[in-house]
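Take a look at the letters that make up each chain.
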Amino acid sequence: MSLAGRSVTVRVPATSANLGPGFDTLGLALSLYDDVTVTVRDEPGASVEVIGVGDGEVPTDETNLVVSSMAYAFRALGQEMPGVHLVARNVIPHGRGLGSSGAAVVAGIVAAKGLLEGIVDVDNATLLRIATELEGHPDNVAPALFGGLTIAWVEAAGPQHKKLLVHRGVAPLVFVPQHTLSTKLARSLQPENVPHSDAVFNVSRSALLIAALTQSPELLFAGTEDKLHQDYRASAMPETHRLVLALRAHGFAAVVSGAGPSILVLADGPGERLEAAELVARESDTEWDALYLAVDVKGATLA
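Keep in mind the model is a prediction, meaning the values are calculated, not measured.

(A) Layout of the overall build of the protein chain. Across its full length, the protein chain carries 9 helices and 11 strands. Whereas a compact globule of 303 residues would reach a radius of gyration of roughly 19 Å, the protein chain reaches 19 Å, a difference of no more than 12%. Over its C-alpha atoms, taken along the principal directions, the protein chain stretches across nearly 60 × 40 × 35 Å. Across the 303 residues in the protein chain, those meeting the buried criterion constitute 53%.

(B) The arrangement of the packing of helix α2 (residues 100–115) against helix α3 (residues 124–135) in detail. Contact geometry of α2 with α3 gives a least axis separation of 10 Å together with a crossing angle of 140°. Comparing their axes, α3 and α2 come out oblique. Crossing angle aside, the handedness with which α2 passes α3 is right-handed. Side by side, α2 and α3 meet where Ser 101, Gly 102, Val 105, Ile 109 and Lys 113 of the first sit next to Leu 127, Ile 130, Ala 131, Leu 134 and Glu 135 of the second.

(C) Structural view of the side chain of Asp 35. Within the fold, Asp 35 resides in strand β2 (residues 26–41). In this structure Asp 35 comes out as buried when scored by relative accessible area, which is 18%. In this structure the side chain of Asp 35 is engaged in a polar contact, spanning 2.8 Å, whose partner is the side chain of Arg 11. Aside from chain neighbours lying at most four places away, what touches Asp 35 is Val 10, Arg 11, Val 87, Ala 88 and Arg 89.

(D) Summary view of the nonpolar core. Val 38, Met 70, Leu 86 and Leu 213 are the most contacted members of the largest nonpolar core, which totals 67 residues. For this core, the element with the most residues is α2, which contributes 10 residues. Those residues in contact with Leu 86, other than ones at most four positions away along the chain, are Val 36, Thr 37, Val 38, Ser 47, Val 48, Glu 49, Val 66, Val 67 and Met 70. One finds Phe 175, Ala 246, Leu 247 and Phe 252 within the second-largest nonpolar core, a separate group that totals 20 residues.

(E) View of the sheet that holds strand β7 (residues 170–177). Here 4 strands make up an open sheet; going across it, the order is β8-β9-β7-β10 and the pairing antiparallel. Each end of this open sheet is capped by a strand with a single partner; those strands are β8 (254–256) and β10 (288–292). Sheet twist, expressed as the average angle between the axes of neighbouring strands with direction ignored, equals 25°. Against the sheet, helix α8 (residues 238–249) engages β7, β8, β9 (263–268) and β10, with an angle of about 160° to β8. This element, helix α9 (residues 270–283), spans β7, β9 and β10 of the sheet and lies at about 20° to β7.

(F) Structural view of the environment of Ala 199. With respect to the helices and strands, the residue Ala 199 is situated in helix α6 (residues 196–214). As a C-alpha pair, Ala 199 and Arg 273 span 74 residues in sequence and 30 Å in three-dimensional space.

(G) Spatial organisation of unusual backbone geometry. The amide bond that connects Gly 260 to the next residue, Pro 261, takes the cis arrangement and shows omega of 5°. Inspection of the secondary structure assignment puts Pro 261 in the loop between β8 and β9. With a phi close to 80°, Asn 18 is a non-glycine residue in the positive phi region. Within the chain, Asp 24 stands out as a residue other than glycine whose phi angle is a positive 60°.

(H) The packing of aromatic side chains, seen in detail. Under the counting rule described, the total for this entry stands at 0 aromatic pairs. Over the face of the ring belonging to Phe 201 we find Lys 227, whose NZ or CZ atom lies 4.5 Å from the ring centre. The lysine or arginine in question, Arg 248, covers the ring of Phe 221, its NZ or CZ lying 4.3 Å from the ring centre.

(I) Summary view of the pattern of salt bridges. Within this structure, the stated rule accounts for 6 salt bridges. Residue Glu 43 pairs with Arg 41 through a salt bridge whose shortest N-O separation is 3.9 Å. Classification of Glu 43 as partly exposed rests on a relative accessible area of 46%. Assessed through its relative accessible area of 25%, Arg 41 is described here as partly exposed. A cluster of three or more residues bridged by salt bridges with shared partners is formed by Glu 239, Arg 242 and Asp 285.

Calculation notes
- Residues numbered from 1 in each chain as written.
- Predicted model: local features only at pLDDT ≥ 70, side-chain atom pairs only at ≥ 80, totals over all residues.
- Heavy atoms only, no water.
- Helix = DSSP H or I, 4+ residues; strand = E, 2+ residues; numbered from the N terminus.
- Rg over C-alpha atoms; globule rule 2.2 N^0.38 Å.
- Buried < 20%, exposed > 50% of the residue type's maximum accessible area, 1.4 Å probe, protein only.
- Axes fitted to C-alpha atoms, helices over the stretch in contact; angles between N-to-C directions.
- Parallel < 35°, antiparallel > 145°, perpendicular 65-115°, else oblique.
- Left-handed = near helix turned anticlockwise from the far one by under 90°.
- Contact = heavy atoms within 4.5 Å.
- Polar contact = N/O pair within 3.5 Å; in protein donor to acceptor, adjacent residues only side chain to side chain.
- Core = buried A, V, L, I, M, F, W, Y, C linked by side-chain atoms within 4.5 Å.
- Pairing = 2+ DSSP bridges.
- Phe/Tyr/Trp six-rings, centres within 6.5 Å; stacked < 30°, edge-to-face > 60°.
- Lys NZ or Arg CZ within 6 Å of the ring centre and 35° of its normal.
- Salt bridge = Lys/Arg side-chain N within 4 Å of Asp/Glu carboxyl O.

If you want it as structure tokens, here you go:
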């Protein structure tokens, strides 16, 4: 079956991984979206038009992450990649800990699924497997693919996930700075070994956080405590670390979003978000954009 003339549009949400104690395991989809339209063309290769975030910065040929992820998916599904023209309308900030690379990977894979509709049947397990192979960790790609709160893990059969619905009282607020941080740099600051007591601490808080996010938002502050990764990375983002401590000192459930340097506050209602924003505006030495978001429940969608 020819792919000539086929066109699909993929919408992918931003994500926040870790959520404090759930290092490399928990992820949350947020209502901030990149939209990518892919149209099959007669000429081989790829051309890319970027509108918004990344315009003039990201590649506009086959090395573009969305295109290379799409090509990887085509190969994994035993199909030949056609020539494509891609229009990316990007809103998710790059290098800020909001899953922009995971969103690009997911956009490419889901676009491949859409273009191959009626030719290859692609199930959720295959999508997650391909996305994890490309991204390296399932904690960002799982919520980007499926939405909501996801628990992701890897076993002998491959990456797995469980999607959970978040309590309607949870109100996410993200503070995005002007500066970026390399995920590779952030990971390099992690020690190979951690104290047994810290590991036990995080196991208890991760379990508590699931209860807080799904049933009992009043437990969010205790549920977002962490001893495994945030303090170790503080030297790479001192202003983020300082503001997280300031927010938590006032009772807000603040954590580093992903690898940082953005900050995620899991507020117990919209009023608490306004108080947190006022505190950051008062306490910060640099400019931070406050994004009042919702939890995305759909994940990546095809049109």
